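Secondary and tertiary structure notes
Here's the letter readout for the chains.
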Amino acid sequence: MTTPPACTVIVPTYDRADLLRHTLDSLVRQRPRPGDAFEVIVVDDGSTDDTADLVASYRNRLDLRYFFQEDRGYRVAAARNVGIRHARAQVCVLVDSGVVLHSGALAAHLDAHRAEAGPVAVTGYVYCFNEGNEDGELIAAAIDHADPDASIAEFADRGVWLDLRETYYARYGEDLGVLTAPWLMWWTCNVSASTALLREVGGFDEAYRAWGAEDVDLGYRLHSAGARFVLRRDASSLHVPHPKSYAGNMASAAANYRYFADKFDTPVARLVPDHHFEEIEDLLRSRGLAPGAVTDRFGTTFRGIDAPAIEAPTDDAATDDAPGAATPEGAR
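The text that follows walks through the structure, step by step, so that each part is easy to find. (Residues numbered from 1 in each chain as written. Predicted model: local features only at pLDDT ≥ 70, side-chain atom pairs only at ≥ 80, totals over all residues. Heavy atoms only, no water.)

**Brief notes about the sheet that holds strand β5 (residues 99-101)**
The following threshold applies: Should DSSP find at least two bridges between two strands, the strands are taken to pair. Strands are runs of DSSP state E lasting at least two residues, helices are runs of H or I lasting at least four, and both sets are numbered from the N terminus onward. Axes here mean lines fitted to C-alpha atoms, for a helix over just the part in contact, with angles spanning 0 to 180 degrees between N-to-C directions. By definition in these notes, contact holds between two residues if any of their heavy atoms fall within 4.5 Å.
As summarised here, the arrangement of the 8 strands in space is β3-β2-β1-β4-β7-β6-β8-β5, forming an open sheet in which the pairing is mixed. This sheet does not close on itself; its edge strands, each paired only once, are β3 (64-68) and β5. Recorded for the sheet is a direction-independent mean angle of 30° between the axes of neighbouring strands. Two strands pair when backbone bridges link them, and strand β1 (residues 7-13) and strand β2 (residues 38-44) are joined in this way by 7 bridges, in the parallel orientation. In the strand pairing of β2, Thr13 is matched with Asp44. Packed on one face of the sheet, helix α4 (residues 105-114) meets β1, β2, β4 (91-95), β5, β6 (120-127), β7 (190-194) and β8 (228-239) and runs near 180° to β8.

Structural data, given as C-alpha cells:
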C-alpha cells in the first residue's frame, strides 16, 4: 500500500499560467524532511489560457493532480474545497497562484503541526504583497526567480516589502494563540490546517462569490472548533506582483464582510464590516470581551490606501464580474 503524503498543497488558479509557473517551480525546489513526501492539487476555476498544458508539464517533477471546474464566475471557495475533498495527507497547505514558497516552507508548516498536541492553523509569512500593486515594478525587478530563497533573505535583511501583518504582530505580539481573534490574519495566500478539521467544519463557504472574507470565515470556524493559531515566519514566501485594484477588491469584500457578520452574528463578527482588522482585538479588549490591555495604538490605524474604500460600495459593485471590473485575488 502506498504511503500517503505528509501534506497536500492546494493551489486554485484562473487564467494565470505565468504566475502558476512560479508557484510550481517553488514546489519543485522544496526540501521536505526525510520521509516527508507531498502532493500538489491544482484546481482550475475555468481557465481559457494554457494552464492545463502547463500543469501537465510538471507531472514528471511533482506528485500532482489537476481538477477543472467550469467557469461560472468567481468560485475560489469551491475550487479550494475540491482540493480539500481530494487531499490524501493529514495536513493541507493552501497557497495562491503566484505565491513562491521558500524551499523550507512545507517543512516549516509540518513542523508547526507536529509541535502541537491538538489541531493548529498555521499562518505563513508573505513578502511583497502590495494591496494596490503600488511597488509592483520594483518588486518584479527585485525577485530572483532562479533563487527565491536568496530574495527572501535579502528582503528580510533590508527590511523591505515585509508581510502586511507586521504591524499587527508588532501591536499584539506573535503568539497568536493568546489572541481572541487570530483568524483575522489567516489569509489563504500561505496557510495550513488539519485536513480532518477542514472537512469537519465544512471547508470554505461557497456562498462567497466575490473577492474577500472566505478565508476569514473558515479561520473563524477553525478557531471555534479548537484550532490553535500559530505564526511561522520560516514558512515564508514571496507574492509575485500582478495587476489589481485595491479599491475594487475592497468594494467586493465589503458585501462579504456584511454576509460574514450576519452569518455568525456574534460580537466579534459584527465588528468586521466596519473596522480595520488591526483595531478589532483592541476593540474587544476595550469592551471587556477579550483579555489583555488595550494597546497604545488603539484608534490610530488609518492608511492612505484605505481612502478609496471609505465610501460604502453598492451590492452591484461588490459582485460585478463584467469586463472592466477589478480582477480579485485568489483563483480569479
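**Topic: the pairing of β6**
Threshold: Here's how the labels work: a residue is buried when its accessible area is under 20% of the maximum for its type, exposed when over 50%, partly exposed in between, all with a 1.4 Å probe on protein chains only.
Among the 8 residues that make up β6, 8 are buried, leaving the element largely enclosed by the rest of the structure. Residues Val120, Val122, Gly124 and Val126 line one face of β6 and the alternating positions Ala121, Thr123, Tyr125 and Tyr127 line the opposite face, and both faces are buried. Pairing of β6 with β8, which is carried by 7 bridges, proceeds in the parallel orientation. Looking across to β8, one finds that Val120 is bridged to Arg228. Direction of pairing for β6 relative to β7: antiparallel, over a ladder of 3 bridges. Across the sheet, residue Ala121 finds its bridge partner in β7, namely Ala193.

**Here's the deal with the nonpolar core**
Applicable threshold: We define a nonpolar core as any set of buried Ala, Val, Leu, Ile, Met, Phe, Trp, Tyr and Cys residues linked to one another through side-chain atoms lying within 4.5 Å.
Core analysis: the largest hydrophobic core is formed by 50 residues, its most contacted members being Trp183, Leu184, Trp186, Leu222 and Phe260. The dominant element in this core, judged by the number of residues it contributes, is helix α10 (residues 246-264), at 6 residues. Sequence-distant contacts of Leu184, defined by excluding residues within four places in its chain, comprise Val216, Val272, Phe277 and Ile280.

**Notes on helix α6 (residues 148-158)**
Helical periodicity: at 3.6 residues per turn, an α-helix aligns residues three or four positions apart in one direction. Rules: When we speak of the arc, we mean the arc of directions from the helix axis to the C-beta atoms.
Residues of α6 that are buried: Pro148, Ser151, Ile152 and Phe155. Looking straight down α6, one finds its buried side chains confined to an arc of 100°; they lie on one side. Structurally, α6 contributes buried residues whose contacts are with β5, β6, α5 (136-142) and β8. Within two residues after α6, Gly159 carries a phi angle of roughly 70°, on the positive side.

**Here's the deal with the side chain of Thr13**
Secondary-structure assignment places Thr13 in strand β1. The exposure class assigned to Thr13 is buried, which follows from its relative accessible area of 0%.

**With respect to the packing of aromatic side chains**
How two aromatic rings sit relative to each other is set out by the distance from centre to centre and by the angle between their planes. Selection criterion: Any two of the Phe, Tyr and Trp rings considered here, Trp counted by its six-membered ring, make a pair once their centres fall within 6.5 Å; the pair's planes then place it as stacked at under 30 degrees, edge-to-face at over 60, or tilted in between.
Taken as a whole and assessed by the stated rule, the structure comprises 11 aromatic pairs. A centroid spacing of 5.0 Å and a plane angle of 75° characterise the contact between Trp183 and Tyr220, whose relative ring orientation is edge-to-face. Taken together, the residues Trp183 in the loop between α7 (166-172) and β7 and Tyr220 in helix α9 (residues 214-224) connect sequence positions 37 residues apart. For Trp183, a relative accessible area of 2% gives the class buried. For Tyr220, a relative accessible area of 10% gives the class buried. One aromatic cluster is present, built from ring pairs that chain together Trp183, Tyr220, Phe260 and Phe264.

**What about a negative patch on the surface?**
Spelled out, the test is: Exposure above 30% relative accessible area and the lack of any salt bridge qualify a residue for a patch; like charges then connect within 9 Å, and the nonpolar side chains Val, Leu, Ile, Met, Phe, Trp and Tyr within 5 Å. Accessible surface is estimated by sampling points in the Shrake-Rupley manner with a 1.4 Å probe; for residues, cover comes only from the protein chains shown. Any Lys or Arg side-chain nitrogen found within 4 Å of a carboxyl oxygen on Asp or Glu counts as a salt bridge. Charge convention: Lys and Arg are scored as positive, Asp and Glu as negative, and His as well as the terminal groups of each chain are ignored. Note on charges: their place is set at NZ of Lys, CZ of Arg, CG of Asp or CD of Glu.
Together, Asp18, Asp49, Asp50 and Asp53 make up a negatively charged patch on the protein surface. For Asp53, the location among the structural elements is in helix α2 (residues 51-56).

**Quick look at the layout of surface pockets**
For the record, the criterion: In this analysis a 1.4 Å probe is tested at points of a 1 Å grid over the protein atoms alone, and where it fits but cannot get out there is a cavity; an open set with protein on both sides within 12 Å along at least five of seven lines is a pocket; lining residues have an atom within 4 Å of a point. Grid points are joined across faces, edges and corners, and a volume is the space filled by probe spheres set on the points. Note on residue categories: nonpolar means Ala, Val, Leu, Ile, Met, Phe, Trp, Tyr, Cys or Pro, charged means Asp, Glu, Lys or Arg, and polar means any other residue, Gly included.
Taken as a whole, the second largest pocket encloses approximately 230 Å³ of empty space. Along the wall of the second largest pocket there are 13 residues; nearest its centre are Ala6, Gln90, Val91, Leu110 and His113. The biggest single contributor to the lining of the second largest pocket is α4, with 3 residues. Residue classes in the lining of the second largest pocket are distributed as 8 nonpolar, 4 polar and 1 charged.

**Concerning the packing of α9 against α10**
To keep things clear, this is the line we draw: Note on angle classes: values under 35 degrees are labelled roughly parallel, values over 145 roughly antiparallel, values of 65 to 115 roughly perpendicular, and the remainder oblique. Left-handed describes a crossing whose near helix is turned anticlockwise from the far helix by less than a right angle; the clockwise case is right-handed.
Running from N to C, α9 and α10 cross one another at 25°; their axes reach a closest spacing of 10 Å. Considered as vectors, α9 and α10 are oriented roughly parallel to each other. As α9 packs across α10, the resulting crossing turns out to be right-handed. On α10, the residues that touch Val216, Asp217, Tyr220 and Arg221 of α9 are Phe260, Lys263 and Phe264. In the contact of α9 with α10, the residues fall into 4 nonpolar, no polar and 3 charged.

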